[in-house]
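# Observations on the model geometry
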Amino acid sequence: MKKIHPRHFRVRDHFMSWAGVLTSLIVLLIINAAYITNRIYHDSTQPAPRVIANSNLVLTSLQADETKNYTVKVSNVTESSAFDPAFTIDTTDTMLIMDISITNHTAGKQDLTPTTQLYVRDREGDTFVMHPSIAIKNPLAAASVLPGQTVTGQISFAVPKRLAHPLLYVDFGWTNQAPTVIDVLR
C-alpha cells in the first residue's frame, strides 16, 4: 500500500476548491448573461408608452388646464427680491411665489411630489427647480392625492431677474400625461 504524503493531499484539496469556485463563477456568469439577454429582448418588444398630449397652448396664470387626468390652476403670482435670511438667493435672482391648486381626475390615488414634478423653464431651455422661502405661509406638500381630491398650496422658485416669461411646467406623469405649461407672469 502506497502512503500519501500530506503535502500532496493539500495540493489536491486546494485544486478541487479552486475548481469549485471557478465553476461557480462560470455558472453565475452564464445565468447573468441569460437574464440580461432576456431583459433586453423583453424591453425591446414592449410598446413605448403613449403620451397623451395637452393642448399645444401655453396657458397664463388664472387659466385652469383641465385634462382627463387633472386640473391645475395657478394664481396670486408675485415676485420678491426682498432679503430672505433663511433661504438666500443670488442678487441677480428674484423669487417667484404663487398659489397652485391641483385636482386628481384619475380613478386611482396619484403621488404628488412638488420638488420633482413642478419646475420653471425659460424659452432657451434653462431649468429652475423649487426654492424654499420664508414668504410662503402654506407650502404645497408632497402627498398621495385621492381620486377627486383637490390639494392647494404655495410654491416658490428662484429665477433670474432678466427672465421676462418664466414658464411653469406641471409634469405629474400621471398616466403618461404630457406636461402643462403656464406663463406665470401673464
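For the structure, check the block above.
Now for a quick tour of the structure. Everything numeric here is computed off the predicted structure, so don't read it as measured data. (Residues numbered from 1 in each chain as written. Predicted model: local features only at pLDDT ≥ 70, side-chain atom pairs only at ≥ 80, totals over all residues. Heavy atoms only, no water.)

## A word on the side chain of Thr 67
Applicable threshold: A run of H or I in DSSP becomes a helix once it reaches four residues, and a run of E becomes a strand once it reaches two; helices and strands are each numbered from the N terminus. The rule is simple: take the accessible area with a 1.4 Å probe, protein chains only, and divide by the maximum for that residue type; under 20% is buried, over 50% is exposed, in between is partly exposed. We call two N or O atoms a polar contact when they sit within 3.5 Å, provided that within protein one can donate a hydrogen and the other can accept it, with sequence-adjacent residues counted only if both atoms are side-chain atoms.
Examined against the element boundaries, Thr 67 turns out to sit in the loop between β2 (65-66) and β3 (70-80). Since its relative accessible area comes to 12%, Thr 67 is described here as buried. A polar contact is formed between the side chain of Thr 67 and the backbone nitrogen of Asn 69, at a distance of 3.1 Å.

## Concerning the packing of aromatic side chains
Geometry of an aromatic ring pair is reported as the spacing of the ring centres plus the angle between the planes. Condition: Stacked, tilted and edge-to-face are the three classes applied to pairs of Phe, Tyr and Trp rings, where Trp contributes its six-membered ring and a pair requires centres within 6.5 Å; stacked means planes under 30 degrees apart, edge-to-face means over 60, and tilted covers the rest.
Inspection of every chain in the model, using the stated rule, returns four aromatic pairs. Geometrically, the ring pair formed by Tyr 70 and Trp 174 is edge-to-face, given 6.1 Å between the ring centres and 90° between the ring planes. Of this pair, Tyr 70 sits in strand β3 while Trp 174 sits in the loop between β10 (167-170) and β11 (180-183); the two residues are 104 residues apart in sequence, bridging distant segments of the chain. The class for Tyr 70 is buried, based on a relative accessible area of 1%. Trp 174 gets classed as buried once you look at its relative accessible area, which sits at 3%.

## A look at the nonpolar core
This is how the line gets drawn: Here, the term nonpolar core denotes a set of buried Ala, Val, Leu, Ile, Met, Phe, Trp, Tyr and Cys residues that are joined through side-chain atoms within 4.5 Å. Residue contacts are defined here by distance: any two heavy atoms, one from each residue, within 4.5 Å place the two residues in contact.
Ile 102, Leu 118, Phe 157 and Leu 168 are the most contacted members of the largest nonpolar core, which has 25 residues in total. For this core, the secondary structure elements donating two or more residues are β3, β4 (93-104), β6 (118-121), β9 (150-160) and β10. Those residues within four positions of Ile 102 in sequence are excluded, and the remaining contacts are Thr 71, Val 72, Leu 112, Leu 140, Gln 149, Thr 150, Val 151, Phe 172 and Trp 174.

## Details of the pairing of β4
In summary, the side chains of a regular strand alternate between the two faces of the sheet. Quick reminder of the rule: We treat two strands as partners when DSSP finds at least two bridges between them.
With respect to burial, β4 is a largely interior element, ten of its twelve residues being buried. Bridge count between β3 and β4: nine bridges; the pairing is antiparallel. Bridge pairing links Tyr 70 to Asn 104 in β4. As paired strands, β4 and β9 are joined by eleven bridges and run antiparallel to one another. Bridge pairing links Ile 100 to Gly 153 in β9.

## Describing the pattern of salt bridges
What counts is decided by this rule: Whenever a carboxyl oxygen of Asp or Glu lies within 4 Å of a side-chain nitrogen of Lys or Arg, that contact is scored as a salt bridge.
Scanning the model with the defined rule gives two salt bridges in all. Put simply, Asp 183 and Arg 123 hold a salt bridge, and the shortest N to O gap is 3.5 Å. Note that Asp 183 is positioned in strand β11 and Arg 123 in the loop between β6 and β7 (127-128), a separation of 60 residues in sequence. Two residues, Arg 186 and Asp 183, come together in a salt bridge whose shortest N-O distance is 3.8 Å. For Asp 183, a relative accessible area of 0% corresponds to the buried category. Within the structure, one salt-bridge network assembled from shared partners comprises Arg 123, Asp 183 and Arg 186.

## Side note on the layout of surface pockets
Rules: Buried and open spaces are told apart on a 1 Å grid over the protein atoms alone, a cavity being a set of points where a 1.4 Å probe fits but cannot get out and a pocket being an open set with protein on both sides within 12 Å along at least five of seven lines. Residues with an atom within 4 Å of a point are the lining residues. Grid points are joined across faces, edges and corners, and a volume is the space filled by probe spheres set on the points. Polarity classes work like this: nonpolar for Ala, Val, Leu, Ile, Met, Phe, Trp, Tyr, Cys and Pro, charged for Asp, Glu, Lys and Arg, and polar for all others, with Gly in that last group.
Taken as a whole, the largest pocket encloses approximately 250 Å³ of empty space. The wall of the largest pocket is formed by 17 residues, among which Ser 81, Ala 82, Phe 83, Asp 84 and Ile 89 lie closest to the centre. Per-element tally for the lining of the largest pocket: the top contributor is β4, with three residues. Class assignment of the residues belonging to the lining of the largest pocket gives a composition of eight nonpolar, five polar and four charged.

## Description of the sheet that holds β2
The strand order across the open sheet formed by four strands is β2-β3-β4-β9, and the pairing between neighbours is antiparallel. A single partner strand is all that each edge strand has here, and the edge strands are β2 and β9.

## Some details on unusual backbone geometry
In this structure, Asn 76 takes a positive phi of about 50° despite not being glycine. Mapped onto the fold, Asn 76 is located in strand β3. With a relative accessible area of 55%, Asn 76 lands in the exposed category. In this structure, Thr 175 is a non-glycine residue whose phi angle is positive, near 50°. Looking at where Thr 175 falls in the secondary structure, it is placed in the loop between β10 and β11.

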